[in-house]
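Chains, contacts and geometry: an overview
Below, each chain spelled out in residue letters.
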Amino acid sequence: MAAKPRAPLYTPRPRFNLLRLPVIGRLLRWRWGRLALQIPLLLLALLLIYDGFTGSPIASRNLATIAPWVHYRGLVVLALLLVGNLFCMSCPFTIPRTLAKRLSLRGRRFPRILRNKWLAIFTLFALFFCYEWLDLWASPALTAWVIIGYFAASFVLEAVFTESAFCKYVCPLGSFNFTYSTVSPLQIQVKNSAVCASCVGKECVNGSYSPQPVILVDEIGINGQPVKTHEHNPQGTPGCGTLLFAPQIQSNMDCTLCLDCARACPHDNIGLFGRGFGAELSRPKLWHNRYDISFLVIGLAWLGLVNAFGMISPVYDLMQALAATFGLTALGLSDKLIEGVALLAIFIVGAGILPLITTFAAAALARAMTRTAKRDTLRIALTNFAPIFVPLGLGFWIAHYGYHFLTGLGSIVPVFQEFLQNHGIGVLGEPNWALGSAPNLELIGAAQALAVIIGYAASLWLSQKIAMRLYKRQMLAGFVVWALLLTAMMLAGLWLFSQPMEMRGTILFD
Amino acid sequence: MTIWALLTLVLASCQLAAQSDLQNTTAAPALTARPNETPAHDTYLSIEVTGIAGALPVGESALQVTVRDGAGLAVVGAAVQARGDMTHPGMAPIFGVGVENEPGIYDVPLNFNMGGDWIITIDVTSANGLTANQQVSVQVQA
Ligand code: SF4
Ligand code: SF4
């Protein structure tokens, strides 16, 4: 009797690969797949610019303010949590980039000193500060200028530098998306790292484009003849713009989900694989103990608090007090200028000084309490715990953006109806303003609190995992320090989101 | 001191960019019914809105709209409608209809459901068909 073939002792579980799905997978891998996603958003951006300059100056009646500040932000945080960095994937700002690349002199890299996240931290800080101070949310024209600014900055940086410098080092939206895509359930990974080991062209990062056709040989048979070849040609695809090397990707940080790597790989060795939520966040040396990435992540969580603080009435009392304390009113400045100085002070303290002091203090205290001061530098003690600020920070942003999204969900309909009507198109009828009515605010408030608490719980869970890895039997002492900081931030968040909103653009100083 | 001076300089330059747009959101002057004509006393309306000084509370408030003709006489029997929009996008507008309590003076009730800056657009149509509108900014405290 013939023996039955034995099942292998270990079969790896088949992983979910989005790029293998019947229709979506094909569309995403298609050469023009990204462009097909970008064009609708490009048209939308042009519409917003047009309405921003020609439509109603009242923000709640203009598409330029409704779509980005209410709907886009809400959808972005939900997409990051549930799928991944979908906005960067279909980002219209990078379309002129392709043109810029053709004009580019090539060869010049972004200055070494700026190849980090410090510039992105600055642009994020500047965007949120201007958002509050110049009331970008209340101004369709300024919002239109911001959109134009994005296109211009992306174009110029791509024309001058070889890599996608704008996405990787400058873009505040991209930096936000990179940070919170670290919780997303999808990640670019290779199917078989052994294939990468023998891959000659490393097209995932180098690209498969060549002005003249070039044959590459990946494997030579025993008879000395090439058995595995592929070609680079003008129809090829660029490699990873943010210079990620697929077989080494550990994190979604810096991945725009453009899928160029998957299109360029001649061995069809790249997939967009499923993983657990935030699976990467507990990995050791996740961001190579880099201070810049750590403070991007930590700063964004604090910015979540400061940004929400700017939308409730105590901020106006604080600004009044600051103006009085520092004698700003006596200088004869305009109210708007006084507001700018007072607000800048709040931002510097809330999103700069406080995160620095509290995280360094927590790291130093944890080192002392776990008696690891001789073994670990302060950098190691701090950067290892930076990922714990991701879930809580995301909780803050979901609570804030989710509030605007849910309260303003239907408001885009009458605004669009009015836009069409103003242009002589009556197909959608009279604007139905009742659609903009806020749904149950108590329910939304409860959902906000839930988002903060879930983020906090996930951050705590992550902290104990990292503490266990770093401090082993001393983990409790290390964990408690970071847990206290998280608790203080969570309570601050709950307090902020329980306050009634008061969005004022004009403050009159006494 | 130098730091404050520098900060002030930087912020002042940024503010210039915002200035033109900010002007758009503050009160606009009353419009006449027939913009291309030289207004005669009986061919245009003027609107004055009171009851908006200082911050209003969240909830019901009433604005007083005084409607006069070119000679400064009270315009009775006009239809006065108000629409309130928050300066933050995504918030539903509120509406109010004026009730004439004294000749030419109309009380317009509005239910401010959230604190913040509101822009109130007043539309007036007189009995003889003249129209006028005006926008005013109102601050509502939570
Ligand atoms: S992912 Fe593809 S292109 Fe990149 S190294 Fe592996 S086999 Fe080569
Ligand atoms: S090319 Fe780079 S940025 Fe684009 S999906 Fe692949 S790894 Fe991400």
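None of the values given here were measured: they were computed from a predicted structure. (Residues numbered from 1 in each chain as written. Chains lettered and ligands numbered in written order. Predicted model: local features only at pLDDT ≥ 70, side-chain atom pairs only at ≥ 80, totals over all residues. Heavy atoms only, no water.)

**Let's talk about the site of ligand 2**
Note the cut-off: We call a residue near a molecule or strand when any one of its heavy atoms sits within 4 Å of it. Residues are sorted three ways: Asp, Glu, Lys and Arg are charged, Ala, Val, Leu, Ile, Met, Phe, Trp, Tyr, Cys and Pro are nonpolar, and all the rest, Gly among them, are polar.
Near ligand 2, the surroundings consist of I188(A), C240(A), T242(A), L244(A), I249(A), C255(A), T256(A), L257(A), C258(A), L259(A), D260(A) and C261(A). Looking at the shell around ligand 2, its residues break down into nine nonpolar, two polar and one charged.

**Observations regarding the interface of chain B and chain A**
What counts is decided by this rule: Any two residues whose heavy atoms approach within 4.5 Å at even a single point are treated as in contact. In this description, buried area is defined as the sum, over both parts, of the accessible area (probe of 1.4 Å) that is lost when the two are combined. Whenever Lys or Arg places a side-chain nitrogen within 4 Å of a carboxyl oxygen from Asp or Glu, that contact is recorded as a salt bridge. Two N or O atoms form a polar contact when they lie within 3.5 Å of each other; inside protein one atom must be a possible hydrogen donor and the other a possible acceptor, and for residues adjacent in sequence the pair counts only when both atoms belong to side chains. Put simply, DSSP marks the helices as runs of H or I at least four residues long and the strands as runs of E at least two long, and each gets a number from the N terminus on.
Counting residues at the interface gives 36 residues for chain B, matched by 45 residues for chain A. Here chain B and chain A share an interface that buries about 3,300 Å² over both sides, 68% of which is from carbon and sulfur atoms. Connecting chain B to chain A are one salt bridge. Linking D85(B) and R61(A) is a salt bridge whose minimum nitrogen-to-oxygen distance equals 3.9 Å. At the junction of chain B with chain A, the criterion picks out one residue pair in polar contact (both at pLDDT 80 or more). Secondary-structure elements contributing two or more residues to the side of chain B that touches chain A are helix 1 (2-25), strand 4 (79-86), strand 8 (115-125) and strand 9 (131-141) of chain B.

**With respect to the nonpolar core**
Going by this rule: In plain words, nonpolar cores are sets of buried Ala, Val, Leu, Ile, Met, Phe, Trp, Tyr and Cys residues tied together by side-chain atoms within 4.5 Å. We call a residue buried when its accessible area falls under 20% of the maximum for its residue type, exposed when it is over 50%, and partly exposed in between, using a 1.4 Å probe and counting protein chains only. How far each domain reaches was decided by an automatic or database domain assignment.
By size, the foremost hydrophobic cluster in this structure holds 152 residues, and its most contacted members are F389(A) and I120(B). Ranked by residue count, the leading element in this core is helix 13 (residues 291-309) of chain A, at 13 residues. Looking at this core, you find at least three residues from each of domain 1 (18-180) and domain 3 (291-498) of chain A. Every residue in contact with F389(A), bar those within four places of it in the chain, is listed here: V297(A), I298(A), A301(A), W302(A), T359(A), W482(A), L485(A), L486(A) and M489(A). Residues I188(A), A246(A), C265(A) and L272(A) belong to the second largest nonpolar core, which totals 21 residues.

**Re the site of ligand 1**
Within the structure, ligand 1 sits among V190(A), C196(A), C199(A), K202(A), E203(A), C204(A), F245(A), C265(A), P266(A), H267(A), N269(A) and I270(A). The residue inventory of the shell around ligand 1, partitioned by class, reads eight nonpolar, two polar and two charged.

**Some remarks on the packing of aromatic side chains**
For any pair of aromatic rings, geometry is given as the distance between the ring centres together with the angle between the planes. Counted only if it meets this: Here a Phe, Tyr or Trp ring, Trp counted by its six-membered ring, pairs with any other such ring whose centre lies within 6.5 Å, and the pair is stacked when the planes are under 30 degrees apart, edge-to-face when over 60, and tilted otherwise. Criterion for a charge above a ring: Arg CZ or Lys NZ at most 6 Å from the ring centre, at most 35 degrees from the ring normal.
Tallied over the entire structure, the rule returns 25 aromatic pairs over all chains. The interplanar angle of 85 degrees and the centroid separation of 5.0 Å between the aromatic rings of F110(A) and F161(A) together place this pair among those described as edge-to-face. On the criterion of sequence distance, the pair formed by F110(A) in the loop between helix 5 (95-103) and helix 6 (118-133) and F161(A) in the loop between helix 7 (140-160) and helix 8 (165-170) is long-range, its members being 51 residues apart. Each member of the pair F110(A) and F161(A) is classed as buried. Consider the rings of F385(A) and Y471(A), whose centres lie 6.1 Å apart with planes at 20 degrees: the pair is stacked. With F385(A) in the loop between helix 16 (378-383) and helix 17 (389-407) and Y471(A) in helix 19 (residues 441-471), this pair connects stretches of sequence that are 86 residues apart. Here F385(A) and Y471(A) have matching classes, each one buried. An aromatic cluster of at least three residues, connected via ring pairs, comprises F128(A), F176(A), Y180(A), W397(A) and Y401(A). The ring of F273(A) carries the charged tip of R15(A) above its face, separated from the ring centre by 3.9 Å. Against the face of W433(A) rests R83(B), its NZ or CZ located 4.0 Å from the ring centre.

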